[in-house]
Amino acid sequence: MSQQTDRHSPLLRWLPAMAFAYVAFMMLVRAPAADGLLYALDNDSAMRLVSVRDLLAGQSWFDLTQGRLGLEGGFEMHWSRLIDAPIAGLVLFFDLFTDRLQAEILAITIWPLLMLAAVVALVSRIGTALGGPVAGPVSGALVAGMFWGDARFLPGAIDHHNAQVALLLLLLWGVIDRRDQPLLPVAAGLA
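Residues numbered from 1 in each chain as written. Predicted model: local features only at pLDDT ≥ 70, side-chain atom pairs only at ≥ 80, totals over all residues. Heavy atoms only, no water.

Colleague: Teacher, can you tell me more about the overall build of the protein here?
Modeller: Looking only at helices and strands, the protein features eight helices and two strands. Taken from the N to the C terminus, the helices and strands of the protein come in the order α-α-α-β-β-α-α-α-α-α. For the protein, the proportion of contacts with a sequence separation of at least 24, taken over those separated by at least 6, is 63%. Taken as a whole, the protein presents about 10,900 Å² of accessible surface, with 66% of it coming from carbon and sulfur. (Helix = DSSP H or I, 4+ residues; strand = E, 2+ residues; numbered from the N terminus. Contact = heavy atoms within 4.5 Å. Areas by Shrake-Rupley, 256 points an atom, 1.4 Å probe, with all protein chains shown as cover.)

Structure (structure tokens):
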């Protein structure tokens, strides 16, 4: 059995990446056109984009007031800026190459796919820790297919749900697979 595992390991190692690439490609093909993506956002994702825009426009990290919600004076949001920051970073990065609107569209397209890539990688690690070198890549590929078309990972899904799934899996990996990795429990605690 070990010869067979060794012989197939290069293919198995790339199996989660190939599954992710296929699923990501299909999600991008089926996504609304770039100009329509902003109009296809669900309520939470649209509110997250407003929070990111406010942060980029100079609103304080600690000021979570949304002036567009609630009564006069706005509403204090309960969301964390920890999700706003990487999305804002993507917007600023894409700003280097295009205008702000296109940068936002690229950021809200890429962010859920980055979260899906993290989920696939983490499930592969968890599968390897629990079932060995064959189970890891197979479980990573299966989870890519499982989340195909899942609303949490579609282009435009920038609310906090996809990040919560990834952080939960990081926590689980840190609890399960602590062998020779002293920083993994720390990462699990932070997650």
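Having seen the structure, we can now continue with the description.
Colleague: Looking at this structure, how should I read the nonpolar core?
Modeller: Counting 40 residues, the largest nonpolar core has W111, L116, V119, F147, F153 and L169 as its most contacted members. Contributing elements (two or more residues each) for this core: α1 (2-30), α3 (43-56), α4 (81-95), α5 (100-131), α6 (135-146) and α7 (161-176). For this core, the leading source of residues is α5, giving 13 residues. Discounting residues that sit within four places of it in the chain, F147 has contacts with M27, L116, V119, R152, F153 and V165. M47, L64, M77 and W79 belong to the second-largest nonpolar core, a separate cluster that totals five residues. (Core = buried A, V, L, I, M, F, W, Y, C linked by side-chain atoms within 4.5 Å. Buried < 20%, exposed > 50% of the residue type's maximum accessible area, 1.4 Å probe, protein only.)

Colleague: When you look at a nonpolar patch on the surface in this model, what are you seeing that I'm missing?
Modeller: Together, L130, L168, L171, L172, V175 and I176 make up a nonpolar patch on the protein surface, roughly 530 Å² of accessible area in all. Along the chain, the position of L168 falls in helix α7. Exposure remark for L168: the relative accessible area of 54% places this residue in the exposed category. (Patch = residues over 30% accessible without salt bridge, like charges linked within 9 Å, V, L, I, M, F, W, Y side chains within 5 Å. Salt bridge = Lys/Arg side-chain N within 4 Å of Asp/Glu carboxyl O.)

Colleague: Looking at this structure, how should I read the environment of P185?
Modeller: Mapped onto the elements of the fold, P185 is located in helix α8 (residues 184-190). By relative accessible area, which is 34% here, P185 ends up partly exposed. Along the primary structure P185 and L172 are separated by 13 residues, whereas in three dimensions their C-alpha atoms are 9.8 Å apart.

Colleague: Before we go on, may I ask you to explain the pattern of salt bridges in this structure?
Modeller: Where charged atoms from two side chains of opposite charge come close, those side chains can pair. Applying the stated rule across the entire model yields four salt bridges. We note a salt bridge from R48 to D84, for which the minimum N-O separation is 2.7 Å. Here D84 lies in helix α4 and R48 lies in helix α3, a separation of 36 residues in the sequence. Of the two residues, R48 and D84, neither departs from the other in class, the shared state being buried. Measuring nitrogen to oxygen at the nearest pair gives 2.5 Å for the salt bridge that ties R100 to D95. Relative accessible area serves as the criterion here: at 35%, R100 is assigned to the partly exposed category. Judged by relative accessible area, D95 falls into the partly exposed class, the value being 24%. Beyond isolated ion pairs, a larger network of salt bridges with shared partners links R48, R81 and D84.

So far we have only geometry, and geometry alone does not tell us how the molecule works.
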